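# Coordinates in review
The lines below spell out each chain.
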Amino acid sequence: MKYISTRKQEETNIKTAILKGLADDGGLFMPEYIPQLEADFFENLPNLSLQEIGFKVAKEFLGESISDENLKEIIDEVLNFEIPAVKISDNIYSLELFHGPTMAFKDVGARFMARMMAYLSEGKPMKVIAATSGDTGSAVASGFFNVLGIEVYILYPKGKVSPLQEKQLTTWGGNIKALEIDGTFDDCQALAKQILSDEELNQKFTLTSANSINIARLIPQSFYFFWAFAQLQKLGKPIVFSVPSGNFGNLTAGLFAKKMGLPIHQFIASTNANDVVPNYLETGNYESKPSKQTISNAMDVGNPSNFERMKSLFNDDVSEFKKEIKSYSFSDEETKETMIKVKNDFDYTLDPHGAVAYLGLVTFRKSFDSAHDDKDNEDFVGVLLETAHPAKFVEAVEEVLKTKIEIPEKLEAFNKKEKKSVEYPADLSLVKNYLMEEN
Ligand SMILES: *Cc1c(COP(=O)(O)O)cnc(C)c1O
């Protein structure tokens with residue numbers, strides 16, 4: 001299968017697409033078509049394990065670039081934790097994506113990408129550049145930590161990640177370097193793009209990106225949409241996914257799953273005050289904006305990088321986009337009220353990102369119910385993607401819920417370590433000097 005840039009100027013194979021991350025024309029790599037899975041796979045879905053699903057789906061995208069045996073090994077290593085669909089209330093389930101090593105869903109994509117890159121680069125030295133709004137950096141660090149020949153540079157916005165997130169970015173040491181950037185996440189993302197396309201740096205080093213722009217992040221994120229079906233198909237109702245969205249990687253992976261044949265009834269793109277996509281669906285105009293800071297900070301994105309991919313999946317047709325995706329924006333106030341309500345009513349603790357997704361389901365239900373009078377026969381199961389463990393945002397969650405929450409041992413271990421970072425303004429020439437001096 002060929003991989004083609006969303007800006008159409010570059011065409012390559014999966015190996016190059018993964019190792020480069022970003023295409024030379026500034027676009028993002030997409031498979032030339034989305035493979036279809038056969039009917040038996042879907043019939044047999046409830047009998048498959050998460051790892052079996054992962055192997056089958058990944059194989060379609062990776063083809064002969066990796067042997068079955070090596071791919072199985074990578075999948076088993078990456079998916080070595082549970083992803084349960086936990087019932088919150090009648091017809092609302094939380095797909096808990098946070099049981100991995102850094103306790104956010106990004107573990108799935110970042111660990112898969114790290115292992116694929118290490119495998120495909122065959123030991124050649126490489127510098128990985130990752131901008132993060134909080135969770136990507138630590139998942140990428142965990143995936144690449146101690147991988148021989150690979151140096152990782154994490155760019156994060158100073159003062160705009162939670163204290164625990166910061167510890168998860170800055171305490172690795174070894175081949176993981178944290179750059180604390182005086183600016184917003186958008187500044188970090190722009191800086192990462194500048195670094196990756198800088199000629200001099202590219203001459204000296206092999207550079208690659210580890211953002212959600214890398215196609216190897218997206219492929220594994222589609223696994224758990226199938227896995228949610230494997231767990232919930234028995235309920236016999238249409239399934240609606242609400243995806244708390246920032247750069248829209250998770251949602252794009254869901255669109256891949258649907259195009260592969262998974263009968264997802266509806267996608268809901270739930271956002272915080274950073275409402276570029278809901279506005280686009282309403283007006284047909286895409287206008288990026290500076291990002292606004294919210295309590296669901298991993299979604300504070302003003303110019304979502306995967307928008308180009310979604311547009312290409314819908315052939316640039318806003319009406320197609322609207323059919324597949326409903327999108328709503330919610331305030332911090334609404335998010336907090338929801339966290340309190342879900343805790344009181346159902347004794348379930350949502351993190352702020354999951355709460356935004358929950359709100360998306362509630363909003364969609366209102367429009368669904370008013371369109372269907374026969375409520376008994378017309379119903380759906382709502383699945384929210386719970387993208388982080390609430391303890392990752394302990395300050396915000398405790399303040400909202402007015403109660404102590406327990407910090408899992410996995411996270412506590414980061415807290416005990418010492419922060420190490422280097423601080424820079426969002427300025428290419430200064431950061432470039434730093435990188436040039438690194439060997
Ligand atoms: C990154 C992140 C998101 C947003 O995911 P995208 O794929 O960028 O849309 C949501 N929640 C959490 C906790 C995250 O870390």
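Our structure is the block above this text.
Read on for a plain summary of the structure. (Residues numbered from 1 in each chain as written. Predicted model: local features only at pLDDT ≥ 70, side-chain atom pairs only at ≥ 80, totals over all residues. Heavy atoms only, no water.)

The next thing to look at is the sheet that holds strand E8 (residues 176-182). Taken together, the five strands give an open sheet; going across it, the order is E9-E6-E7-E8-E14, and neighbouring strands pair in parallel fashion. Both outer strands of the open sheet, strand E9 (207-209) and strand E14 (422-425), are each paired with one neighbouring strand and no more. Averaged over all adjacent pairs, the angle separating strand axes in this sheet is 30°, with direction ignored. As judged from the three bridges shared by strand E6 (residues 126-131) and E9, these two strands associate in the parallel manner. Across the sheet, the residue bridging to Lys-127 is Leu-207, located in E9. Each of E6, strand E7 (150-157) and E9 is contacted by helix H5 (residues 106-121), which is oriented at about 155° to E9, the strand it contacts most. (Pairing = 2+ DSSP bridges. Helix = DSSP H or I, 4+ residues; strand = E, 2+ residues; numbered from the N terminus. Axes fitted to C-alpha atoms, helices over the stretch in contact; angles between N-to-C directions. Contact = heavy atoms within 4.5 Å.)

Attention now goes to empty space enclosed by the protein. Using the criterion set out here, one finds four cavities of 30 Å³ or more in the structure. Approximately 300 Å³ is the volume found for the largest cavity. Around the largest cavity, the lining is made up of 29 residues, and of these Phe-105, Lys-106, Gly-246, Asn-247 and Ala-298 lie nearest the centre. Broken down by element, the lining of the largest cavity gets its largest block of residues, three residues, from helix H12 (residues 249-259). Taken together, the residues of the lining of the largest cavity sort by class into 12 nonpolar, 14 polar and three charged. (1 Å grid on protein atoms, 1.4 Å probe; cavity = no way out; pocket = protein on both sides within 12 Å on 5 of 7 lines; lining within 4 Å. Points joined across faces, edges and corners; volume = space filled by probe spheres on them. Nonpolar A, V, L, I, M, F, W, Y, C, P; charged D, E, K, R; others polar.)

Enumeration over the complete set of coordinates arrives at 23 aromatic pairs. With a centroid separation of 5.8 Å and 25° between ring planes, the pair formed by Phe-307 and Phe-321 is classed as stacked. Pair noted here: Phe-307 is in helix H14 (residues 307-313) and Phe-321 is in helix H15 (residues 318-324), with a separation of 14 residues, a long-range link. Comparing Phe-307 with Phe-321 shows no difference in burial state: the two are buried. Ring pairs connect the aromatic residues Tyr-224, Phe-225, Phe-229, Phe-241 and Phe-267, which therefore count as one cluster. The ring of Phe-55 is capped by Lys-72, whose NZ or CZ atom sits 4.5 Å from the centre of that ring. Sitting above the plane of the Phe-414 ring, Lys-417 keeps its charged end 5.5 Å from the centroid. (Phe/Tyr/Trp six-rings, centres within 6.5 Å; stacked < 30°, edge-to-face > 60°. Buried < 20%, exposed > 50% of the residue type's maximum accessible area, 1.4 Å probe, protein only. Lys NZ or Arg CZ within 6 Å of the ring centre and 35° of its normal.)

So, on to helix H7 (residues 163-170). Note: α-helices contain 3.6 residues per turn, so residues at a spacing of three or four share the same orientation. With respect to burial, H7 is a largely interior element, six of its eight residues being buried. Within the span of H7, buried status applies to Leu-164, Gln-165, Glu-166, Gln-168, Leu-169 and Thr-170. Buried-residue contacts for H7 involve helix H6 (135-144), E7, E8 and helix H19 (409-415).

Moving on to the pairing of E8. Sheet faces and side chains relate simply in a regular strand, where the side chains alternate between the two faces. Within E8, five of the seven residues are buried, which leaves it mostly tucked inside the rest of the structure. The pairing of E7 with E8 spans six bridges and is classified as parallel. Opposite Pro-157, over in E8, you have Ile-181 as the bridge partner. Since E7 and E8 lie parallel, the crossover through H7 that links them has a hand, and here it is right-handed. (Right-handed = clockwise from strand over helix to strand, strands pointing away.)

With that out of the way, let us pick up helix H13 (residues 276-283). By the burial criterion, the buried members of H13 are Val-276, Val-277, Pro-278, Tyr-280 and Leu-281. For H13, the secondary structure elements touched by its buried residues are strand E11 (266-271), H14, H15 and strand E12 (325-329).

With that settled, the discussion passes to the site of the ligand. Taken together, 15 residues lie around the ligand, and Lys-106, Asp-135, Gly-246, Phe-248 and Thr-387 are the ones closest in. Between Phe-248 and the ligand, the recorded distance is 2.8 Å, taken from a backbone N or O atom to an oxygen atom. Within the backbone of Asn-250, a nitrogen or oxygen atom sits 2.9 Å from an oxygen atom of the ligand. The fraction of the free accessible surface of the ligand (380 Å²) that becomes covered by protein chains is 98%. Spatially, the ligand is embedded in the largest cavity. Among the residues forming the shell around the ligand, the class breakdown is six nonpolar, seven polar and two charged. (Near = heavy atom within 4 Å. Polar contact = N/O pair within 3.5 Å; in protein donor to acceptor, adjacent residues only side chain to side chain. Areas by Shrake-Rupley, 256 points an atom, 1.4 Å probe, with all protein chains shown as cover. Sits in = over half its atoms within 2 Å of the grid points.)

Approximately 370 Å³ is the volume attributed to the largest pocket. Lining of the largest pocket is provided by 16 residues; of these, Lys-8, Met-30, Ser-312, Leu-313 and Asn-315 occupy positions nearest its centre. Where the lining of the largest pocket is concerned, the elements lending two or more residues are strand E1 (3-5), strand E3 (29-31) and H14. With four residues, H14 is the largest single contributor of residues to the lining of the largest pocket. Considering only residue class, the lining of the largest pocket consists of six nonpolar, four polar and six charged.

Along the chain, the position of Thr-132 falls in the loop between E6 and H6. Take Thr-132: its relative accessible area is 0%, and that puts it in the buried class. A distance of 3.2 Å separates a polar atom in the side chain of Thr-132 from the backbone nitrogen of Thr-136. A distance of 2.9 Å separates the side chain of Thr-132 from the backbone nitrogen of Gly-137, its partner in a polar contact. Apart from the residues within four sequence positions on either side, Thr-132 is in contact with Gly-137, Ile-154, Leu-155, Tyr-156, Pro-157, Leu-169 and Phe-185.

A few words on the nonpolar core. Grouped together as the largest cluster of nonpolar side chains are 99 residues, with contacts concentrated most on Leu-45, Leu-62, Phe-144, Phe-225, Phe-226, Phe-241 and Ile-325. The contacts of Phe-241, once residues within four sequence positions are left out, are Phe-225, Ala-228, Phe-229, Ile-264, Gln-266, Phe-267, Ile-268, Val-383 and Leu-385. (Core = buried A, V, L, I, M, F, W, Y, C linked by side-chain atoms within 4.5 Å.)

Below, the discussion takes up the packing of helix H11 (residues 223-232) against H12. Direction vectors running N to C along H11 and H12 enclose 65°, while the axes themselves pass 8 Å from each other. On H12, the residues touching Tyr-224, Phe-225 and Phe-226 of H11 are Asn-250, Ala-253, Gly-254 and Ala-257. By residue class, the composition of the contact of H11 with H12 is five nonpolar, two polar and no charged.

Function cannot be inferred from these measures alone, as they are strictly geometric.
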